[in-house]
Amino acid sequence: MTSKSLYTKLRSILVCPLCHGSLQPDAADQALICRDCHRHYPRSGHAWLMLDPQHPLLAMYAHGGPSLPPRSWKSRLRGLLPPPEERLWTRRSRRAIVRALQQADPDHPHHVVLNLGAGLERVFEQAFASYHSLIRFGLPHTGHVDVIADARQLPFRDASVDLLLSSSVLEHVQHPEQAVAEIARVLKPGGRTYSEIPFLRAYHMAPHDYQRYTISGIEALFSRHGLLCEEKGICSGPFTAWALLIRDTVFHLTPTRLLKMAGRALLSWLVQPIKYGDMLCEDAPWAYHLACNFYYVGRKRK
Ligand SMILES: [Zn+2]
């Protein structure tokens, strides 16, 4: 359930994603209406549906999104035996997440912290657990968000956000330059973004998987939109990359769907020890050439 303080915060920063006009609630408080272009943005479950009325995914999210219909046998099975965390995060990246959250202080009444995506990885669940006013948004394939929104058309006011986090989302955005331009627009002067992007990962969530970035590529992407790099590094290293590539190679070579699912579940556990090799090389120069994911912390100029 959306808390009152989170609701108040959200309403203070939400604008029309198309024209950035301010919004007013309808009589039943079930939709927001743009004062300028008069488009309607209804509620969908507990979330605001802030998509262009012509958006191709509008119908999918109009009734609460893909996570809300009755749970499939697959999700029930995963609930009984949760798979291990896909990646191993480096100590540096975990410290960077905690530090960014402490600096931004999501529960301060005048601070706004956004997470792009549902933030379901245990690393993020743990980091977010002590905060009550962190706003989750995006077009998730699973999990709860407070605002259903496209990263290319953010429904947030200019210069309204203290920190925007995103983990393994930008590779799924067809036009990442537009998404990063939007992140830069909504950050307050001096506001930060913490972003993770894969470098060596198999093609996944097909066909919505569009790019990979090197360590220099991430910095160049954000600097083209005026952000200054405060910190960057390996988020999950070469051993995590190898472990996941072994698992995914076997998955794709396995003939039937049932065998694929069983093999993937088993291999998720079998490859787990390999990932711990990352603990020995998180600052090694060679590891930057073969890492699974990189992280980047950027700041908007004051
Ligand atoms: Zn509008």
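Residues numbered from 1 in each chain as written. Predicted model: local features only at pLDDT ≥ 70, side-chain atom pairs only at ≥ 80, totals over all residues. Heavy atoms only, no water.

**Thoughts on the environment of Phe294**
Put simply, the test is: Each helix is a run of DSSP H or I of at least 4 residues and each strand a run of E of at least 2, with the numbering of both proceeding from the N terminus. Think of it in three bands: residues with accessible area under 20% of the maximum for their type are buried, residues over 50% are exposed, and the middle band is partly exposed, with areas taken using a 1.4 Å probe on protein chains only. Note on contacts: a residue pair qualifies if any of its non-hydrogen atoms lie within 4.5 Å across the two residues.
Following the sequence through the fold, Phe294 ends up in strand β11 (residues 293–300). Residue class for Phe294 comes out buried when judged on its relative accessible area of 0%. In the structure, Phe294 is positioned 61 residues away from Gly233 in sequence and 5.7 Å away in space, judged by C-alpha atoms. With residues up to four places along the chain from it excluded, the contact list for Phe294 reads Ser195, Glu196, Ile197, Phe199, Tyr213, Thr214, Ile215, Ile218, Gly233, Ile234, Cys235 and Tyr288.

**A word on the coordination of the zinc ion**
Convention followed: In this analysis a donor is any N, O or S atom within 2.8 Å of a metal ion (3.2 Å for sodium, potassium and calcium), and since water is not included, sites may seem incomplete. In short, tetrahedral needs four donors with all angles between 85 and 135 degrees, square planar needs four and octahedral six donors with opposite donors over 155 degrees apart and all other angles between 65 and 115, and whatever is left is irregular.
The protein atoms that coordinate the zinc ion are Cys16 (SG), Cys19 (SG), Cys34 (SG) and Cys37 (SG), at distances spanning 2.1 to 2.3 Å. The coordination sphere of the zinc ion comprises 4 donor atoms, whose angles at the metal cover 95 to 126 degrees; the geometry is tetrahedral.

**Observations regarding helix α1 (residues 4–13)**
Structurally, the α-helix is built with 3.6 residues per turn, so residues lying three or four positions apart point the same way. Of the residues making up α1, those classed as buried are Leu6, Lys9, Leu10, Arg11 and Ile13. Tucked inside the fold, the buried residues of α1 contact β1 (23–25), β2 (31–34), β4 (47–49), β5 (113–116), β6 (135–138) and β7 (147–148).

**A closer look at the domain arrangement of the protein chain**
Selection rule: Where a domain begins and ends is set by an automatic assignment or by a domain database. What counts as buried area is the accessible surface, traced by a 1.4 Å probe, that two parts surrender upon association, with contributions from both included.
Taken domain by domain, the protein chain holds domain 1 (4–47) and domain 2 (73–300). Taken together, the contacts link 15 residues of domain 1 with 25 residues of domain 2. The contact between domain 1 and domain 2 buries some 1,500 Å² in all, and 65% of this surface belongs to carbon and sulfur atoms. Among the residues domain 1 hides against domain 2, the three largest losses belong to Leu6, Lys9 and Ile13. Together they make up 41% of the total.

**Structural notes on the nonpolar core**
What counts is decided by this rule: Definition of nonpolar core: a set of buried residues of the types Ala, Val, Leu, Ile, Met, Phe, Trp, Tyr and Cys, connected through side-chain atoms within 4.5 Å.
Ranked by size, the top nonpolar core spans 45 residues in total, and within it Leu14, Leu114, Phe137, Phe156, Leu164 and Phe222 carry the most contacts. When residues of this core are sorted by domain, at least three fall in each of domain 1 (4–47) and domain 2 (73–300). Each residue touching Phe156, except ones within four places of it in the same chain, is listed here: Leu10, Ile13, Leu14, Val15, Leu114, Phe137, Arg185 and Val186.

**A few points about unusual backbone geometry**
Geometrically, the link from Ala206 to Pro207 is a cis peptide bond, its omega value of 0 degrees lying close to zero. Among the secondary structure elements, Pro207 is positioned in the loop between β9 (187–198) and α7 (215–223). Despite not being glycine, His20 shows a phi value in the positive range, around 65 degrees. Positionally, His20 belongs in the loop between α1 and β1. Residue His20 is classed as partly exposed on the basis of its relative accessible area, which comes to 33%.

**Some points on the pairing of strand β3 (residues 40–44)**
Taken residue by residue, a regular strand's side chains alternate between the two faces of the sheet. Applied cut-off: At least two bridges found by DSSP between two strands is the condition for calling them paired.
With 3 bridges joining them, β2 and β3 adopt antiparallel strand pairing. From the neighbouring strand, Ile33 faces β3, where its bridge partner is His40. Connecting β2 to the next strand, β3, in antiparallel fashion are 5 residues, including His38 with a positive phi near 65 degrees. As paired elements, β3 and β4 share 2 bridges and run antiparallel to each other. In the strand pairing of β4, Ser44 is matched with Ala47.

**Describing the packing of aromatic side chains**
Just so we agree on the cut-off: Note on aromatic contacts: the rings of Phe and Tyr and the six-membered ring of Trp form a pair at centre separations within 6.5 Å, being stacked when their planes are under 30 degrees apart, edge-to-face when over 60 apart, and tilted otherwise. Whether a charge sits over a ring comes down to the Lys NZ or Arg CZ being within 6 Å of the ring centre and within 35 degrees of the ring normal.
Using the criterion set out here, one finds 10 aromatic pairs in the structure. Between Phe124 and Phe128, the ring centres sit 5.8 Å apart and the planes meet at 50 degrees, which makes this aromatic pair tilted. Taken together, the positions of Phe124 and Phe128, both in helix α5 (residues 122–128) and 4 residues apart, correspond to about one turn of that helix. Each member of the pair Phe124 and Phe128 is classed as buried. Consider the rings of Phe239 and Trp286, whose centres lie 6.5 Å apart with planes at 80 degrees: the pair is edge-to-face. Residue Phe239 is found in helix α8 (residues 238–253), and its partner Trp286 is found in the loop between α10 (272–275) and β11; the two are separated by 47 residues along the sequence. Judged by its relative accessible area of 22%, Phe239 falls in the partly exposed class. Here a set of aromatic residues connected by ring pairs shows up, and it is made of Trp89, Phe124, Phe128, Tyr194 and Tyr295. Cation over ring: Arg87 sits above Trp89, and NZ or CZ is 4.2 Å from the ring centre. The ring of Phe251 carries Lys260 above its face, with NZ or CZ at 5.0 Å from the centroid.

**Structural notes on the pairing of β11**
Where burial is concerned, most of β11 is hidden: 6 out of the 8 residues are buried. Here 8 bridges tie strand β10 (residues 227–236) to β11, and the two strands are oriented antiparallel to one another. Following the sheet pairing, Cys229 is matched in β11 by Gly298.

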